[in-house]
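Examination of the molecular architecture
The primary structure of each chain is shown beneath.
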Amino acid sequence: MKRMILLFGLCLSFMAAGAQNIFVSKATSITFFSSTPVEDIEGKSTTASSVVDIKSRNIVFKVSNTSFQFKKKLMQEHFNENYIESDKYPFSIFRGKITDDVDLSKDGSYTVNVEGTLDIHGVTKAYQSKANIVVAKGVITARTTIRVKIEDHQIKVPSIVFKNIAEFVDVRISATYQPKKS
Amino acid sequence: MTTKPFYFNVVKCLILLLLVSRSLTSYGQTELEKDLENTAPAHEKVSATFKSTKLINGHTNETIYKHELDFKVDHRFGDIAGSNGGLRQFFGLDNSTDVRIGFDYGISDRLNVGFARAKGATTVQQLYEFNVKYRLLEQTTDDYVPVAVTLFGSNTIAAVKASDDPASATAYRNLTDRMNYVTQIIFARKFNSSFSVSLTPGYVHRNFTAFRDQNNMFSVGAGARAKITKRMALVVDYFMPFRNKDDEAYLEQLNGVKFYNTLGVGLEMETGGHIFHLNFTNATAIQEMQFIPQTTSSWLKGQYRWGFSIARRFSFDKKKDKRS
């Protein structure tokens, strides 16, 4: 019986160690910019969520499309209804991996490559990007920008507003991770 | 006795081993996604039940957003067919039964105030309308709130010169006589991304009417919108007033007309900020206080007409302009 307790304790400690690999960012900020000479459009969500496993270096981002806030509410309505079609595609998801061999359990500042797939508007496309990561006292902050060609995700822009919406949209992501509480 | 605990120990060890091995292997992508916070907000509000604050004749549950100005021009032409229509009248385009130019402003996302000037389709003309629209309840995607409820109220003042005939609808003695009130409760539900309906019980009070015409009248309206493409939709609405049968028969006999319920069908086009309506309706008037109690033209007699409305929304919200 003593052996059993010992084994159980050992197991628990392993599990705890396992959970420490998982870092969660609750209030992840995702902002996109479309800039044309006619109009600048900016949408910002601060309720996206992200999880990173610092051991496998897998990383996932997920955002509710209706959570993007715009300067003009009517733009927000158009974004959801006509472009991103939130009824059909409620979430945008990035599933990727940090390809560089970094140990994010150690404090420091890192520039890493991230590769993965981005699912927007029901179309999944491969992306590669550089990200800046800062680790300090068990908190990981990460920042990156990816450039999305909206046509790649089959988001159609009618000719009447073609001049108002940029062909490429810059998506800025900023996340602050805490160890997952198990 | 000793074999049994041993057997249990083996099973327990195996389970523990499984747990240990699970905790040692790093998370895969699908495992990671389970740790994601639920990013969808609770009781999320349904947006764009309708695209415009009006369907054809009636109001929708929609209001414009805070600091927005909605400029809208409505037009109703003459009868397309029937005795007053046809090629001679260029299918009604030679005549205009009513024109309305209106401005609505969003005090908040829920509260709108509006001002409009309309020609007026009956003898009650030169109308000035003041209105208030308040979004009481919004439908949510999880059906926590299954229907949207919006309140609409208007006061329309007729500026037309008072008639000397005391039995006429315009024999006004003072300003109070010229006032007309409309109250409506608009219930609406968006069933899916392309189909919405509305139900509008309402009450019209006219301070002064023609002899034996009703000052007070309850009515009910129904409307629907079905999207045919991403930016085009079919819209339809119907209004039915509840009349006093005796008064109705008297007025119909006196004026040689019949009262009809209004039916409108139309095409709605949206181009990011602009909304165009192209519609057909038997109602000659645009104001609620007029088309609900005073429609005397019938679809079956060819007394339907072209109508259009053009709406443009301007946003004056500069607060969030600063980039963070």
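In the block above lies the structure referred to throughout.
The notes below deal with the structure included here.

Cut-offs and rules
- Residues numbered from 1 in each chain as written.
- Chains lettered and ligands numbered in written order.
- Predicted model: local features only at pLDDT ≥ 70, side-chain atom pairs only at ≥ 80, totals over all residues.
- Heavy atoms only, no water.
- Helix = DSSP H or I, 4+ residues; strand = E, 2+ residues; numbered from the N terminus.
- Buried < 20%, exposed > 50% of the residue type's maximum accessible area, 1.4 Å probe, protein only.
- Areas by Shrake-Rupley, 256 points an atom, 1.4 Å probe, with all protein chains shown as cover.
- Pairing = 2+ DSSP bridges.
- Salt bridge = Lys/Arg side-chain N within 4 Å of Asp/Glu carboxyl O.
- Arc of directions from axis to C-beta.
- Polar contact = N/O pair within 3.5 Å; in protein donor to acceptor, adjacent residues only side chain to side chain.
- Phe/Tyr/Trp six-rings, centres within 6.5 Å; stacked < 30°, edge-to-face > 60°.
- Lys NZ or Arg CZ within 6 Å of the ring centre and 35° of its normal.
- Contact = heavy atoms within 4.5 Å.
- Core = buried A, V, L, I, M, F, W, Y, C linked by side-chain atoms within 4.5 Å.
- Patch = residues over 30% accessible without salt bridge, like charges linked within 9 Å, V, L, I, M, F, W, Y side chains within 5 Å.

Our next topic: the overall build of chain B. When you go through chain B residue by residue, the secondary structure sums to four helices and 12 strands. Taking all 324 residues of chain B together, 47% fall into the buried category. When the accessible surface of chain B is summed, it comes to about 16000 Å², and 64% of that surface belongs to carbon and sulfur atoms.

This next bit is on the pairing of strand 9 (residues 232–242) of chain B. Residues and elements named next belong to chain B. Residue alternation in strand 9 divides its side chains into a buried set, A233, V235, D237, F239 and P241, and an unburied set, M232, L234, V236, Y238, M240 and F242. Taken together, the 11 bridges between strand 8 (residues 216–229) and strand 9 define a ladder with antiparallel strand orientation. Residue R225 lies in a different strand from strand 9, and its bridge partner there is V235. Remark: two residues form the turn of the hairpin made by strand 8 and strand 9, two consecutive strands paired antiparallel. Bridge count between strand 9 and strand 10 (residues 262–270): eight bridges; the pairing is antiparallel. Note on strand 10: the bridge partner recorded for M232 is M269.

A word on the pattern of salt bridges. In this structure the tally under the stated criterion is 29 salt bridges over all chains. In this structure, the salt-bridge partner of B:K230 is A:E85, at a minimum N-O distance of 3.7 Å. In this pair, B:K230 is assigned in the loop between strand 8 and strand 9 and A:E85 in the loop between helix 2 (73–83) and strand 5 (91–98), connecting two distinct chains. One salt-bridge network, held together by shared partners, links A:E77, A:E81, B:K51, B:K190, B:K227 and B:E270.

This brings us to helix 3 (residues 245–255) of chain B. For an α-helix the count is 3.6 residues per turn, leaving residues at separations of three or four pointing the same way. Residues and elements named next belong to chain B. D247, E248, L251 and E252 are the residues of helix 3 that are buried. One face of helix 3 carries all of its buried residues, which in axial projection span an arc of 130 degrees. Seen from the buried face of helix 3, the exposed residues on the opposite side, beyond 90 degrees, are K245, D246, Q253 and L254. Measuring from the backbone nitrogen of D246 back to the side-chain oxygen at the start of helix 3 gives 3.0 Å, which picks out N244 as the cap. Looking one or two places after helix 3, you find G256, whose phi comes out positive at around 65 degrees.

All right, on to the pairing of strand 6 (residues 108–120) of chain A then. Residues and elements named next belong to chain A. Direction of pairing for strand 5 relative to strand 6: antiparallel, over a ladder of six bridges. Within strand 6, the residue paired with I93 across the bridge is D119. In terms of strand pairing, strand 6 meets strand 7 (residues 123–136) through 13 bridges, oriented antiparallel. Across the sheet, residue T117 finds its bridge partner in strand 7, namely A126. The antiparallel pairing of strand 6 with strand 7 creates a hairpin that spans two residues between the two strands, and H121 there sits at a positive phi of about 55 degrees.

So, on to the packing of aromatic side chains. Counted under the stated rule, the structure contains 18 aromatic pairs over all chains. Aromatic side chains B:F71 and B:F103 sit 5.1 Å apart centroid to centroid with 35 degrees between the ring planes, which places their arrangement in the tilted category. Here B:F71 is found in strand 1 (residues 68–79), whereas its partner B:F103 is found in strand 2 (residues 96–106), with 32 residues between them in sequence. Across the ring face of A:Y83, the terminal group of B:R231 is positioned such that the distance to the ring centre comes to 5.3 Å.

Before going further, it helps to spend a moment on the side chain of B:E268. Residue and element names in this part refer to chain B. Position of E268 among the secondary structure elements: in strand 10. Polar contacts involving the side chain of E268 include one to the side chain of H277, which spans 2.6 Å. Once you skip the residues sitting within four places of it in the chain, E268 turns out to touch K51, S52, R225, R231, M232, A233, V235, I275, F276 and H277.

Attention now goes to the environment of A:F70. Within the fold, A:F70 resides in strand 4 (residues 69–70). Taking C-alpha positions, A:F70 is 9.2 Å from A:S45, a pair spaced 25 residues apart along the chain.

Ranked by internal contacts, the top residues of the largest apolar core, which has 42 residues, are A:I98, A:L104, A:V112, A:I133, A:I140, A:V171 and A:Y177. Of all hydrophobic cores here, the second largest spans 20 residues; its members include B:A118, B:A171, B:A210 and B:A283.

This brings us to a nonpolar patch on the surface. Residue and element names in this part refer to chain B. Taken together, the side chains of Y134, L136, L137, V147, L151, I185, F187 and L199 define a hydrophobic patch exposed on the protein surface, amounting to about 600 Å² of accessible area. Breaking the nonpolar patch down by element, the ones donating at least two residues are strand 4 (127–137) and strand 6 (179–192). When residues in the nonpolar patch are grouped by element, the largest group, three residues, is from strand 4. Along the chain, L151 falls in strand 5 (residues 148–158).

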